[in-house]
Amino acid sequence: MTSLEHKDSRRQFADLFDWADSLPSLFTWPAAMRGVRIEEFADDNAYVVRAELPGLDPAKDIKVEVANGMMTITATRQQEEHDGARSEFHYGSLTRRVLLPDGADEAKVEAKYAAGILEVRVPITAMTAEARTIKVEHTP
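Note that this is a predicted model, so its numbers are computed, not measured. (Residues numbered from 1 in each chain as written. Predicted model: local features only at pLDDT ≥ 70, side-chain atom pairs only at ≥ 80, totals over all residues. Heavy atoms only, no water.)

**Observations concerning the sheet that holds strand E7 (residues 117-123)**
Move 1: Read from one edge of the open sheet, four strands run E1-E2-E7-E6, paired in antiparallel fashion. Each end of this open sheet is capped by a strand with a single partner; those strands are strand E1 (38-42) and strand E6 (110-114). Looking at each pair of strands side by side, their axes are set apart by 15° on average, direction ignored.
Move 2: By the bridge criterion, seven bridges tie strand E2 (residues 46-52) to E7 in an arrangement that is antiparallel. When the sheet's bridge partners are listed, Arg50 is paired in E7 with Glu119. (Pairing = 2+ DSSP bridges. Helix = DSSP H or I, 4+ residues; strand = E, 2+ residues; numbered from the N terminus. Axes fitted to C-alpha atoms, helices over the stretch in contact; angles between N-to-C directions.)

**Quick look at the pairing of E7**
Move 1: By the alternation rule, side chains of E7 split into Leu118, Val120 and Val122, which are all buried, and Ile117, Glu119, Arg121 and Pro123, of which none is buried.
Move 2: As defined by bridge partners, E6 adjoins E7 across five bridges and the pair is classed as antiparallel. Paired with Ala114 across the two strands is Ile117, which belongs to E7.
Move 3: Between the end of E6 and the start of E7, which pair antiparallel, lie two residues, with Ala115 showing a positive phi angle near 50°. (Buried < 20%, exposed > 50% of the residue type's maximum accessible area, 1.4 Å probe, protein only.)

**Digging into unusual backbone geometry**
Move 1: Phi at Asn45 is positive, roughly 60°, even though this residue is not glycine.
Move 2: Mapped onto the secondary structure, Asn45 falls in the loop between E1 and E2.
Move 3: Owing to a relative accessible area of 59%, Asn45 belongs among the exposed residues under this scheme.
Move 4: Positive phi is not limited to glycine here, since Asn68 has a value of about 55°.
Move 5: You can see Asn68 is positioned in the loop between strand E3 (62-67) and strand E4 (70-77).
Move 6: Its relative accessible area of 78% is what places Asn68 among the exposed residues.

**Description of the sheet that holds E3**
Move 1: Spatially, E3-E4-E5 is the arrangement adopted by the three strands of the open sheet, whose pairing is antiparallel. One side of each edge strand has no neighbouring strand; the edge strands of this open sheet are E3 and strand E5 (92-99). Ignoring strand direction, the axes of neighbouring strands in this sheet form an average angle of 15°.
Move 2: Note that E3 and E4 share six bridges and pair antiparallel. Opposite Ile62, over in E4, you have Ala75 as the bridge partner.

**Section: the pattern of salt bridges**
Move 1: Taken as a whole, this structure holds six salt bridges when the rule is applied.
Move 2: Two residues, Glu119 and Arg50, come together in a salt bridge whose shortest N-O distance is 3.8 Å. With a gap of 69 residues between them, Glu119 in strand E7 and Arg50 in strand E2 connect regions that are remote in the sequence.
Move 3: Given a relative accessible area of 28%, Arg50 falls into the partly exposed group.
Move 4: Residue Glu65 is joined to Lys63 by a salt bridge in which the shortest nitrogen-to-oxygen separation is 3.5 Å.
Move 5: Because the salt bridges share partners, they merge into one network encompassing Glu39, Asp43, Arg50, Glu119 and Arg121. (Salt bridge = Lys/Arg side-chain N within 4 Å of Asp/Glu carboxyl O.)

Spelled out as structure tokens, the structure:
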């Protein structure tokens, strides 16, 4: 079992409410229920998370925190007031938590933002050993 497969097996309920984004828009979800859309993959001994965050200033609107095997991405979009205007933009604070795989080096995480996409690279420094069967000895 690879480190990413192990991560998936540990995260049975981490994405429980992500299905909400794929439902037809029958009603508007409150800001707390709208998530940050991500993709995650392994690339050259690194775990990569890409988040779709268009139209934000990474210096003031995006925050990435890593602690205890968990990465938290928080983004805030401030509402602009326009007289007599209609808006379908989502405003407020959005948060997404991602469980990091075993061996993630939390001290060397790097984040870049370009063209509305936040990319976070987490080096994997210690690969976990494959599962193995241990012989159980019978003692009288």
